[in-house]
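These are the residues of each chain, in order.
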Amino acid sequence: MALPLPPGLTASEVGFLCEMELVTVIPRQRLEGLELLGGPTQPLNPPFPTPLPLWLALLLKKQKRANINPPAWLSVDGLSHIHDFETDTRTAEVFSPSQALPPPAGVRHGYEDYLSSDVIDFAPPFLANSSTTGAQADALPYHWLEVGHLLLTHAADDFDDPEGVRRLLRDLREVRMSKLRKGFKVLDAGAGVKLNGVGGMEIAEVRGFVGGMVDGLRKINRSREESRREREAEDRENGLGGSSYQDDEDDMQL
Amino acid sequence: MDEIDDILASVSAPTVPQRTRDLQALTRAWVNERTSPDLLPYPTPLVDRVMDRVKKQIETIEEITGTLDPKSNFTLVILQTELERFKFLVRSFLRARIAKIDKYPIHYRDLTLTDLSLLSPLEQQYLQSHQALLSAHYNGSFLATFPQALQKLDDTAGGVSMVDKPDEETAVFCRVLRDAGTVEIMGETATTDVDLKRGDLWLLRWSAVKDATVRGDVELV
């Protein structure tokens, strides 16, 4: 009954997540709007492009009821541009920037429950324009690798140059993976690494290695860290200049 | 109720329907629970709303199946596919929680004495009766033959606690949804402060982002 998986999403769970991304569908058949659990869908009227979640788009595609319009970044032009950025020596240290988050959802008062959906901030895979035709051409969305892979597998005939896109996607993946591995040189027991621009599947791929390493290093360094923490706490107290013998005595008892 | 909420939402502002927001919230709940080492509070209203809708959707599907209209066949496939996706989310979410409850039962039993929102009533019931069964079994099979002083399962004598706890310092991947101030990073040589800025992706210790995650300023990925 209990889930036998260790913490951290598996590759197929990341795939499940990416299927909630919205893509642009060009219907070949009419379909009225549906009242789905995740919100209403727009009615399909050929040939007007309509945004739909990827899982539904793939279902329609398989039954030849619709075509999928690939997002602008998932094209030879878009991907070569991003590939150039990734391989440029001036930007060798960073990943190409990810798409921007939408503005924050209203003001929070501070007493809302955990995950109260009154003021919930949207994040991938629920951004409105990350994989639709309105998506930025020069930024990869969080689920770029998964969306690209699924579209190339199930809707290859909707691309102008599927082979070119596939090749670029593979190149991009290799360039970014080697960058990610190089970046882990800075890892130490404290964790604290900024990973802006890294995608969902890439995180799933390195999670086991990174998590294991950081936690392992931390366990080895535990005693050193504890003694440093104590020393720093002491320094702070002395810095305030207010610690008397009595205070130290109290601390000892804690 | 949902319909009214949806209408109100559409009138007041160009906002997203409540159902879509709940899907985002449920997905976040699932990912957070799957990736964090510790148990997060149980989002009762959210799960209740989702389960209500799932029940209604099943009724709708049954009605459509009854009409046997060949045209509605495809609609039915879509509705059922989506229903299965929702059921998977809820099930995986609950199972991830049960896995943690099973792993650290005594720790969470002690925590629920002070924090009632941590477990749902059903989870509490499960925890209590599972623990009762386990300790009865341990007592019956071997603990009763031990000396009195060694029979406890939650001994904290001698400065060492028998109660297992989740490791708060585990590294987690997270995304900052709102500027969440600074957190301390204990490096090998020095302690540094970093700013959590909206849109950033970080590898940090769970203890550093736990509060921000519960507040909703940070989500795990």
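For clarity, every value in this text was computed on a predicted model and none was experimentally measured.

Colleague: What's the story with unusual backbone geometry in this structure? I'm lost.
Modeller: Residues and elements named next belong to chain A. Of note, the bond from Pro46 into Pro47 is cis; its omega dihedral lies within 30 degrees of zero at 0°. Backbone torsion omega between Pro124 and Pro125 reads 5°, so that peptide bond is classified as cis. Tracing the sequence through the fold places Pro125 in the loop between α3 (76-87) and α4 (144-154). The phi dihedral of Lys64 falls on the positive side, at around 55°, and the residue is not glycine. Residue placement: Lys64 occurs in the loop between α2 (54-62) and β5 (66-69). With a phi angle near 60°, Leu115 is a residue other than glycine that sits in the positive phi range. Within the element layout of this structure, Leu115 appears in the loop between α3 and α4.

Colleague: Please explain the nonpolar core as it appears in this structure.
Modeller: Taken as a class, soluble globular proteins show a tendency for nonpolar side chains to be buried jointly. Leu79 of chain A together with Ile78 and Leu196 of chain B are the most contacted members of the largest nonpolar core, which has 88 residues in total. Not counting residues within four places of it along the chain, the set of residues in contact with Leu196 of chain B comprises Val176, Arg178, Asp179, Ala180, Gly181, Val183, Trp202, Leu204, Val209 and Val218 of chain B. Core analysis: the second largest hydrophobic core is formed by 19 residues, Met177 and Ala191 of chain A together with Ala171 and Phe173 of chain B among them.

Colleague: Quick question: what am I supposed to make of the interface of chain B and chain A here?
Modeller: Where interface size is given, it is often the accessible area lost as the parts come together that is meant. Listed by partner, the interface residues are 77 residues for chain B and 76 residues for chain A. When chain B packs against chain A, the two sides together hide about 6,800 Å² of surface, and 60% of this comes from carbon and sulfur. Where chain B meets chain A, there are 7 salt bridges. Summed over the shared surface of chain B and chain A, the result is 29 residue pairs in polar contact (both at pLDDT 80 or more). Those elements that place two or more of their residues in the side of chain B that touches chain A are α2 (18-35), α3 (44-67), α4 (73-103), β1 (171-176), β2 (182-186), β4 (201-205) and α7 (206-215) of chain B.

Colleague: What am I meant to see in the sheet that holds strand β5 (residues 218-220) of chain B here?
Modeller: Consider a sheet: its strands pair through backbone hydrogen bonds, and that pairing is either parallel or antiparallel. A sheet is described by the order of its strands in space; here 4 strands give the open sequence β6(A)-β4(B)-β1(B)-β5(B), paired in antiparallel fashion. The open sheet terminates on both sides in strands that have one partner only, identified here as β6 (193-194) of chain A together with β5 of chain B. Where β1 of chain B meets β4 of chain B, 5 bridges bridge the pair, whose relative direction is antiparallel. Across the sheet, residue Phe173 of chain B finds its bridge partner in β4 of chain B, namely Leu203 of chain B. Sitting on the sheet, α2 of chain B touches β1 and β5 of chain B, and the angle it makes with β5 of chain B is about 60°.

Colleague: Would you take a moment to explain the pairing of β1 of chain B for this structure?
Modeller: Residues in a regular strand point their side chains to alternate faces of the sheet. All names here are of chain B. Across the 6 residues of β1, 6 count as buried, placing the element largely inside the fold. Side chains Ala171, Phe173 and Arg175 of β1 all project onto a buried face; the interleaved residues Val172, Cys174 and Val176 project onto the opposite face, where all are buried too. Relative to β5, β1 runs antiparallel, the two sharing 3 bridges. Bridging across to β5, Cys174 finds its partner in Leu220.

Colleague: Got a minute to help me understand the UniProt feature "domain: DNA replication complex GINS protein PSF2 N-terminal" (unreviewed entry) in chain A in this structure?
Modeller: As annotated in UniProt, the feature "domain: DNA replication complex GINS protein PSF2 N-terminal" (unreviewed entry) corresponds to residues 10-68 of chain A in the numbering used here. Regarding residues 10-68 of chain A, the helix share stands at 29% and the strand share at 29%, and the terminal C-alpha atoms are separated by 27 Å.

About the cut-offs
- Residues numbered from 1 in each chain as written.
- Chains lettered and ligands numbered in written order.
- Predicted model: local features only at pLDDT ≥ 70, side-chain atom pairs only at ≥ 80, totals over all residues.
- Heavy atoms only, no water.
- Helix = DSSP H or I, 4+ residues; strand = E, 2+ residues; numbered from the N terminus.
- Core = buried A, V, L, I, M, F, W, Y, C linked by side-chain atoms within 4.5 Å.
- Buried < 20%, exposed > 50% of the residue type's maximum accessible area, 1.4 Å probe, protein only.
- Contact = heavy atoms within 4.5 Å.
- Buried area = accessible area lost by both parts, 1.4 Å probe.
- Salt bridge = Lys/Arg side-chain N within 4 Å of Asp/Glu carboxyl O.
- Polar contact = N/O pair within 3.5 Å; in protein donor to acceptor, adjacent residues only side chain to side chain.
- Pairing = 2+ DSSP bridges.
- Axes fitted to C-alpha atoms, helices over the stretch in contact; angles between N-to-C directions.
- UniProt positions renumbered as here; feature names shortened; annotations may be inferred.

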